[in-house]
Amino acid sequence: MQSVSPQRPSEVIATFSETSPETVAATVEAARLAQRSWAALPAPERARTLARAASEVEAAARDLTELGIAEVGKPRLEMASEVQRGIAILQYYAGAVLDPEGDALPSPDGKSLLWSRRHAQGVAGLITPWNFPVAIPLWKMAPALAYGNAVVLKPAPAATAIAQLLGDLLQRCLPPGLVQLVPGGAVTGAALVETADLVSFTGSSSVGASIVRQGAERQIPVQAEMGGQNASIVLPDADLASAASLIAASAMGYAGQKCTATSRVIVVEGASRFLEALVEAVRGLRVSDPGESLTTVGPVITEAARERALGAVELGRQEGGRVIAGGQPFAGDGYFVEPTLVAGLEPSAHLCQEEVFAPVAAVLTARDLDEAIEVANGVRFGLVSSVYTSNLDAAMDSLSRLQTGLVRVNAPTSGVDFYAPFGGTGASGYGMKEQGKAAAAFYTKSQTLTIAPSGSSS
Ligand code: UN1
């Protein structure tokens, strides 16, 4: 298998072979051994080790950034800030190692002790996408390790080289066998779900659904973070210039390849000046080589992804949509797609229901906030939504009625805070939330413990 640079497809970044199911099983066994000693270490020592891992990643920040740009085409500024996010995640979970690990509960009889205590689960199988090649592996690996687990990571084939560098950096300071990589595709992933003690997945809804079924069959905990079809509602009282630039960046940044990207812009009647501002903001985005520091929109990941994006725009035209920005194929080698806005579609159109994962967004109109919220909620995904307004009542109304896992006012749908719970509803998310302290519930199992004084009678 190979990963190639999406801006220069003739440049091969990594060549590797798919890890066989037998090797995956042996790797998980080795990780299981390492896990027992890791969980038995004094907590302050595990905390120090994770802090050292943060320093290793920090020292390699430049290399990770360059490799990310080359391998997955993420624009320089975004890639550099993703690496910083990764360092902060490791530091945060180094601290979390020393958090309380349970609750002391009232004595049932005035004499006995009763408490609950969390333990590590064992070997975490982590299956990660190519679009956040540093932050997503780290927001799964760091809590898994902090709470005493071992990890076996199956990165997306398109991000194999950067995952290998990240793995090397962690392995330098962690005990042997505790963090291991199994490069490969679907066969390797399925073998990992078959052998790990719990599985955390981020990727497409279709792959996620099959992992959820496979995990349920084995009765292991599974968490799946999948697609999005995220809406931003713009009310006439919003700061329209700021809304336009935030929405343009959130829909088109990194070529729209984020599950949190804005895919539908719902403009409430009276905000018509907003449309011009949005078109202008989208046209102003720099589409270019992701290695340049001013680039906002780089290529999409593969030729197939480019064809899918152009096909979705064409389908939008057939469904009655008008292309009001972009829509033209790009000449040249890299897999570039022009940032594209399609207006005039029905909320049931393909572009308004499915995840395209490209710099393409639909612009819809609504009579009022009620209708906008109904349209925003009318998809099977439920990851993030946002509302732009300066009216407190409208903001509060939106917060209580939008059904996504994250709801934001005057803030873009993309970009997450690593110390806050993250995850969606419906086809966007299955199982427990990720990130922040929410991760403790997934990466540990709780025991309820009682000690009664000897000789006590019932
Ligand atoms: C972000 O918006 O900063 O795969 C993170 C994704 C999401 C992560 C988004 N799981 O796009």
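Residues numbered from 1 in each chain as written. Predicted model: local features only at pLDDT ≥ 70, side-chain atom pairs only at ≥ 80, totals over all residues. Heavy atoms only, no water.

Things to note about the layout of surface pockets
Here the largest pocket defines a volume of roughly 980 Å³. Lining the largest pocket are 37 residues, with Trp130, Phe201, Gly203, Ser204 and Val207 positioned closest to its centre. Elements with a minimum of two residues in the lining of the largest pocket: strand S5 (123-128), helix H7 (186-195), strand S8 (198-202), helix H8 (205-218) and helix H11 (303-318). Per-element tally for the lining of the largest pocket: the top contributor is H8, with six residues. (1 Å grid on protein atoms, 1.4 Å probe; cavity = no way out; pocket = protein on both sides within 12 Å on 5 of 7 lines; lining within 4 Å. Points joined across faces, edges and corners; volume = space filled by probe spheres on them. Helix = DSSP H or I, 4+ residues; strand = E, 2+ residues; numbered from the N terminus.)

A word on helix H4 (residues 76-96)
Relative to the 30 Å expected for 21 residues at 1.5 Å per residue, H4 spans 30 Å between its end C-alpha atoms, a close match to the ideal helical length. For H4, the full list of buried residues reads Met79, Glu82, Val83, Arg85, Gly86, Ile87, Ala88, Ile89, Leu90, Tyr93, Ala94 and Ala96. Residues of H4 that are buried in the fold lie against helix H2 (43-59), helix H3 (61-72), helix H5 (135-146), helix H6 (160-173) and helix H15 (439-443). (Expected span 1.5 Å × (residues − 1). Buried < 20%, exposed > 50% of the residue type's maximum accessible area, 1.4 Å probe, protein only. Contact = heavy atoms within 4.5 Å.)

Some points on the sheet that holds strand S16 (residues 384-388)
Spatial strand order, S12-S13-S14-S11-S10-S16-S17: seven strands in an open sheet with mixed pairing. Strands with a single pairing partner mark the edges of an open sheet, and in this sheet they are strand S12 (322-325) and strand S17 (406-409). Strand after strand, the sheet turns through a mean of 25° between neighbouring axes, direction not considered. Pairing of strand S13 (residues 340-343) with strand S14 (residues 360-366) involves four bridges; the strand directions are parallel. The partner of alanine 343 across the bridge, within S14, is valine 363. Those strands touched by helix H9 (residues 240-252) are strand S10 (230-234), strand S11 (262-268), S13, S14 and S16, and its axis lies near 155° from that of S11. (Pairing = 2+ DSSP bridges. Axes fitted to C-alpha atoms, helices over the stretch in contact; angles between N-to-C directions.)

Points about the nonpolar core
Counting residues in each nonpolar core, the largest one holds 143 residues, and the members touching the most others are Ile233, Phe274 and Leu341. Two domains each donate at least three residues to this core, and these are domain 1 (2-225) and domain 2 (230-409). Those residues in contact with leucine 341 that sit more than four places away from it in its chain are Met252, Leu278, Val279, Val282, Arg322, Val323, Ile324, Ala325, Ala361 and Val363. (Core = buried A, V, L, I, M, F, W, Y, C linked by side-chain atoms within 4.5 Å. Domains from an automatic or database assignment.)

Quick notes on the pattern of salt bridges
Inspection of every chain in the model, using the stated rule, returns 18 salt bridges. A salt bridge links glutamate 314 to arginine 317, with the nearest nitrogen and oxygen atoms 3.4 Å apart. A residue pair is termed a helical-turn pair when its members lie 3 or 4 positions apart in one helix, as glutamate 314 and arginine 317 do in helix H11 at three residues. Where arginine 380 meets glutamate 354, a salt bridge forms, and the shortest distance between an N and an O atom there is 2.7 Å. Taken together, the residues arginine 380 in the loop between helix H13 (369-377) and strand S15 (381-382) and glutamate 354 in the loop between helix H12 (350-353) and S14 connect sequence positions 26 residues apart. Look at the salt bridges and you will find they share partners, linking Arg8, Glu11 and Asp289 into a network. (Salt bridge = Lys/Arg side-chain N within 4 Å of Asp/Glu carboxyl O.)

Description of H7
If you check which residues of H7 are buried, you get Thr188, Gly189, Ala191, Leu192 and Val193. For H7, the elements touching its buried residues are helix H1 (21-40), S5, strand S6 (150-155), S8 and H8.

Remarks on the sheet that holds strand S7 (residues 179-181)
Strand order in the open sheet formed by six strands is S7-S6-S5-S8-S9-S19, and the pairing between neighbours is mixed. Pairing within the sheet leaves two strands with one partner each, and these edge strands are S7 and strand S19 (429-430). Direction of pairing for S8 relative to strand S9 (residues 222-225): parallel, over a ladder of four bridges. Paired with phenylalanine 201 across the strands is alanine 224, a residue of S9. Packing against the sheet, H1 makes contact with S5, S6 and S7, and its axis sits at approximately 150° to S6. Sitting on the sheet, H7 touches S5, S6 and S8, and the angle it makes with S5 is about 155°.

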